[in-house]
Amino acid sequence: MTQGAFGAFMICRFTISRAFLLAAVLLLFVGAAAAQDLTGYWDVRTPSYSGDGTFRDTYFRIEQSGETVSGELIRKPAGIPITGTFKDEALHFVTVPPVPPPPPPGQPPRRQMLPITYDGTLENGRLMLTTHGRMGEIHSVAEKVTKEATEPPAALPLPALKTLPDNGLAKTPPMGWNSWNKFAGRVDDAAVRGMADAMVASGMRDAGYVYINIDDTWELGRDANGNLIPNKKFPDMRALADYVHSKGLKIGIYSSPGPKTCAGYEGSYGHVTQDAKTIAAWGIDYLKYDLCSDLDIYKDDAPTLQAIYQEMGEALQATHRDIIYSLCEYGRAQVWTGWGEKAGGNLWRTTGDISDRWDSMDRIGFDQIKLAAYAKPGHWNDPDMLEIGNGGMTVDEYRTHMSLWSLLAAPLIAGNDLRSMTDETRNILLNREVIAIDQDPGYKPVGSISSKNGLETLMRPLADGSVVVGLFNRTSATAEMFFPRESLPASFNSRKLALRDLWKHEAAWMAGERFTAIVPTHGVVLVKISAE
Ligand code: GLA
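Residues numbered from 1 in each chain as written. Predicted model: local features only at pLDDT ≥ 70, side-chain atom pairs only at ≥ 80, totals over all residues. Heavy atoms only, no water.

(A) Structural context of the overall build of the protein. Per the secondary structure count, the protein includes twelve helices and 26 strands. For 532 residues, the compact-globule estimate of 2.2 N^0.38 gives 24 Å, and the protein exceeds it by more than 25% at 30 Å. Over its C-alpha atoms, taken along the principal directions, the protein stretches across nearly 135 × 50 × 45 Å. The 532 residues of the protein split such that 48% are buried. Pairs at least 24 apart in sequence give 64% of the contacts found in the protein among residues at least 6 apart. The positive charge centre, built from 53 side chains, and the negative charge centre, built from 63, are 2 Å apart in the protein. (Helix = DSSP H or I, 4+ residues; strand = E, 2+ residues; numbered from the N terminus. Rg over C-alpha atoms; globule rule 2.2 N^0.38 Å. Buried < 20%, exposed > 50% of the residue type's maximum accessible area, 1.4 Å probe, protein only. Contact = heavy atoms within 4.5 Å. Lys, Arg positive; Asp, Glu negative; His and termini not counted. Charge placed at Lys NZ, Arg CZ, Asp CG, Glu CD.)

(B) Looking closely at the site of the ligand. Lining the immediate environment of the ligand, one finds Trp180, Asp215, Asp216, Tyr254, Cys262, Ala263, Lys288, Asp290, Cys328, Tyr330, Arg349 and Asp353. Note that an oxygen atom of the ligand is positioned 2.8 Å from one of the side-chain N or O atoms of Lys288. (Near = heavy atom within 4 Å. Polar contact = N/O pair within 3.5 Å; in protein donor to acceptor, adjacent residues only side chain to side chain.)

(C) Representation of helix H7 (residues 302-318) in the model. Over its 17 residues, H7 extends 24 Å from the first C-alpha to the last, a length consistent with the 24 Å expected when each residue adds 1.5 Å. Those residues of H7 that fall on the buried side of the exposure criterion are Thr304, Leu305, Gln306, Ala307, Ile308, Tyr309, Gln310, Met312, Gly313, Ala315 and Leu316. In this fold, the buried residues of H7 make contact with helix H6 (272-282), strand S14 (286-290), strand S15 (324-328) and helix H8 (339-342). One or two positions beyond H7, positive phi appears at His320, with a value near 60°. (Expected span 1.5 Å × (residues − 1).)

(D) Region of interest: the packing of helix H9 (residues 358-366) against helix H10 (residues 395-407). At their nearest, the axes of H9 and H10 sit 11 Å apart, and the two run at 20° to each other. Comparing the axis directions of H9 and H10 gives the class roughly parallel. The two elements H9 and H10 meet at a crossing, and its hand is left-handed. Contact residues: H9 offers Trp358, Met361, Ile364, Gly365 and Phe366, while H10 offers Glu397, Thr400, His401, Leu404 and Trp405. (Axes fitted to C-alpha atoms, helices over the stretch in contact; angles between N-to-C directions. Parallel < 35°, antiparallel > 145°, perpendicular 65-115°, else oblique. Left-handed = near helix turned anticlockwise from the far one by under 90°.)

(E) Broad picture of the pairing of strand S5 (residues 90-95). Burial along S5 is one-sided: Leu91, Phe93 and Thr95 are buried, while Ala90, His92 and Val94, pointing the other way, are not. Where strand S4 (residues 80-87) and S5 come together, six bridges link them in antiparallel fashion. When the sheet's bridge partners are listed, Thr83 is paired in S5 with Val94. Connecting S4 to the antiparallel partner S5 that follows it, the hairpin turn spans two residues, and Asp88 within it adopts a positive phi of roughly 50°. Sheet topology places S5 next to strand S6 (residues 117-123); five bridges connect them, and they run antiparallel. Bridging across to S6, His92 finds its partner in Asp119. (Pairing = 2+ DSSP bridges.)

(F) Fine view of the packing of aromatic side chains. Tallied over the entire structure, the rule returns 13 aromatic pairs. Note on Phe60 and Tyr118: the rings are 5.2 Å apart at their centroids and 80° apart in plane angle, and the pair reads as edge-to-face. Of this pair, Phe60 sits in strand S2 (residues 55-65) while Tyr118 sits in strand S6, and the two are 58 residues apart along the sequence. Each of the two residues, Phe60 as well as Tyr118, counts as buried. Relative to Trp339, the ring of Tyr309 lies with its centre 6.4 Å away and its plane at 40°, an arrangement referred to as tilted. With Tyr309 in helix H7 and Trp339 in helix H8, this residue pair connects regions lying 30 residues apart in the sequence. (Phe/Tyr/Trp six-rings, centres within 6.5 Å; stacked < 30°, edge-to-face > 60°.)

(G) Just the state of the cysteines, in detail. Under the counting rule described, the total for this entry stands at one disulfide. Linked covalently through their sulfurs, Cys262 and Cys292 form a disulfide whose S-S length is 1.9 Å. Residues Cys262 and Cys292 are joined by a disulfide whose S-S torsion is about 115°; by sign, that bridge is right-handed. A residue pair is termed long-range when its members are at least 10 positions apart, and Cys262 in the loop between strand S13 (250-255) and H6 and Cys292 in the loop between S14 and H7 qualify at 30 residues. The class for Cys292 is partly exposed, based on a relative accessible area of 22%. Here Cys328 stays unpaired: no disulfide links it, and the sulfur of Cys262, its closest cysteine neighbor, is 6.4 Å away. (Disulfide = S-S within 2.5 Å.)

(H) Fine view of helix H3 (residues 189-201). Taking 1.5 Å per residue, 13 residues should reach 18 Å; H3 reaches 18 Å between its end C-alpha atoms and fits that length. Looking at the buried positions of H3, the neighbouring elements they touch are strand S9 (175-178), helix H2 (180-183), helix H4 (204-207), strand S10 (211-213) and helix H5 (237-246).

(I) Seen up close, the sheet that holds strand S7 (residues 126-133). Taken together, eight strands build a closed barrel; the order of strands is S1-S2-S3-S4-S5-S6-S7-S8 and the barrel is antiparallel. Strand after strand, the sheet turns through a mean of 30° between neighbouring axes, direction not considered. Pairing of S7 with strand S8 (residues 136-145), which is carried by seven bridges, proceeds in the antiparallel orientation. Counterpart to Met128 in the pairing with S8 is Val141.

(J) Quick look at the nonpolar core. Judged by nonpolar contacts, the single largest core of 102 residues is most densely connected at Tyr209 and Met402. Beyond its immediate chain neighbours, meaning those up to four positions away, Tyr209 contacts Met175, Gly176, Met199, Met204, Leu249, Met402, Leu412, Leu429 and Ile435. Counting 19 residues, the second-largest nonpolar core is a separate cluster that includes Val469, Leu471, Phe483 and Phe492. (Core = buried A, V, L, I, M, F, W, Y, C linked by side-chain atoms within 4.5 Å.)

(K) Expanded view of the environment of Ile413. Within the secondary structure layout, Ile413 lies in strand S18 (residues 412-414). For Ile413, a relative accessible area of 5% translates into the label buried. Sequence spacing of Ile413 and Tyr269 is 144 residues, and the spatial spacing of their C-alpha atoms is 27 Å. Beyond its immediate chain neighbours, meaning those up to four positions away, Ile413 contacts Pro174, Met175, Gly176, Trp177, Asn178, Tyr286, Met385 and Leu386.

(L) Seen up close, the environment of Arg514. Structurally, Arg514 is set in strand S25 (residues 514-519). Residue Arg514 is classed as partly exposed on the basis of its relative accessible area, which comes to 36%.

(M) Looking closely at the side chain of Glu387. Tracing the chain through its elements places Glu387 in the loop between strand S17 (380-382) and H10. Buried within the structure, Glu387 lacks any salt-bridge partner; its nearest side chain of opposite charge belongs to Arg357, at an N-O separation of 8.6 Å. A polar contact of 3.4 Å, which involves the side chain of Glu387, links it to the side chain of Asn181. Filtering out sequence-adjacent residues up to four positions away, Glu387 remains in contact with Asn181, Ile354, Ser355, Asp356, Met393, Tyr398 and His401. (Salt bridge = Lys/Arg side-chain N within 4 Å of Asp/Glu carboxyl O.)

Here it is, written out as structure tokens:
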């Protein structure tokens, strides 16, 4: 090769290699840009705030166009739109919850969901996300998944409908304690043992509160044989059940017919019979079975819900252990009209979740009177658990809560921390004269005597021939209320009456032909009236 030719060759090689380099860099750049397109389906895995080692999955569909991000948080039946940006490796988006439609006449406004803001970065194909919840910063990791992975599993066949035999339990409304209202995800083995101890020490057990119920968030997943296993908050369920039993108490647990519980933990989907056997083997005496994610799979109508609940009802009965069966499906498809009982239910929720606020308790409680005739021994309406002692209501409001739930013959499931009750809380939960109304052996439903401008008079006949009358003041001012003698059943006519105030624990009197009381705002006067 001549020198000139060599020079030309070198220039050429240099040019070629530069071109290659440039092309490679360009390719890399284009490749990186392509890898950074967020368009697709994402599974956002969020660790449980209580540190129990479990994760919640939330699914997003993201569409990226330039620096603009849109899509939805995938929810059944409709997604919640998201909007945001992906710029300089940083992702920022916010959910845009729809404005709820106006409520039907006379109903409270539906709650507007709050937007959630996500910030994050893309690292090795995974999104490192931060959001802010009520408990502070939450860190999640998201991975791209297929569309199918975001969809609920296919529906499994449900049993043909039948009427299950009565299990003979809950002849009076169940009484006990449940972890959800106070502890939610923070319930653990130590808390449950502490609650069992306090149940005994406070005298509650001897007053009839015997069930210690673990609500959602105890689950981890399944072992290699498909057996449901607890997470690290509950190292040994059998030992815990033994402990609770050793205190003369009974123990309850929670599951869902869906793949996930309401808090996103492992549900009984596809494992119904196996899970009934597992909990029976642990020594469980009560199951709360909470619909939640099954609604993503099955129709929301009475025959379908009956079949779903019947499946577990039958599985529980097949264990031959006495297990109270609590249906939690928020009163859908009028569960009280008969199918809840056919499915083996001892109690069924009639409403959405209660919260520790007057407006919630007041609305739920007084709305139940019309359902009272559907309850009967062994099969009770459940307007949700008690909030007494949780701090969000006044003492008068909590007395109303206890009085109303007892008149309704609702399950009395305390939801407070029994280890640190004030005397006021203790006196309300332990008012044996009011508990006796709830537990009256010959159930007869409560009825409304009068309802006017927020002043409600309720009356319930009792097994011993007496009646109990509740004067409830739902208004925001003290009120004088009265109960006319003529409202009493005919059997009371021209007989001498004995009245007893069940909160003051003392005798009361009729003044002439009426009983009159000053009732504080949101308070109650509860009197038992017997004919001598
Ligand atoms: C639902 C139920 C509640 C509670 C939670 C647990 O909301 O109605 O009582 O069990 O689920 O996730």
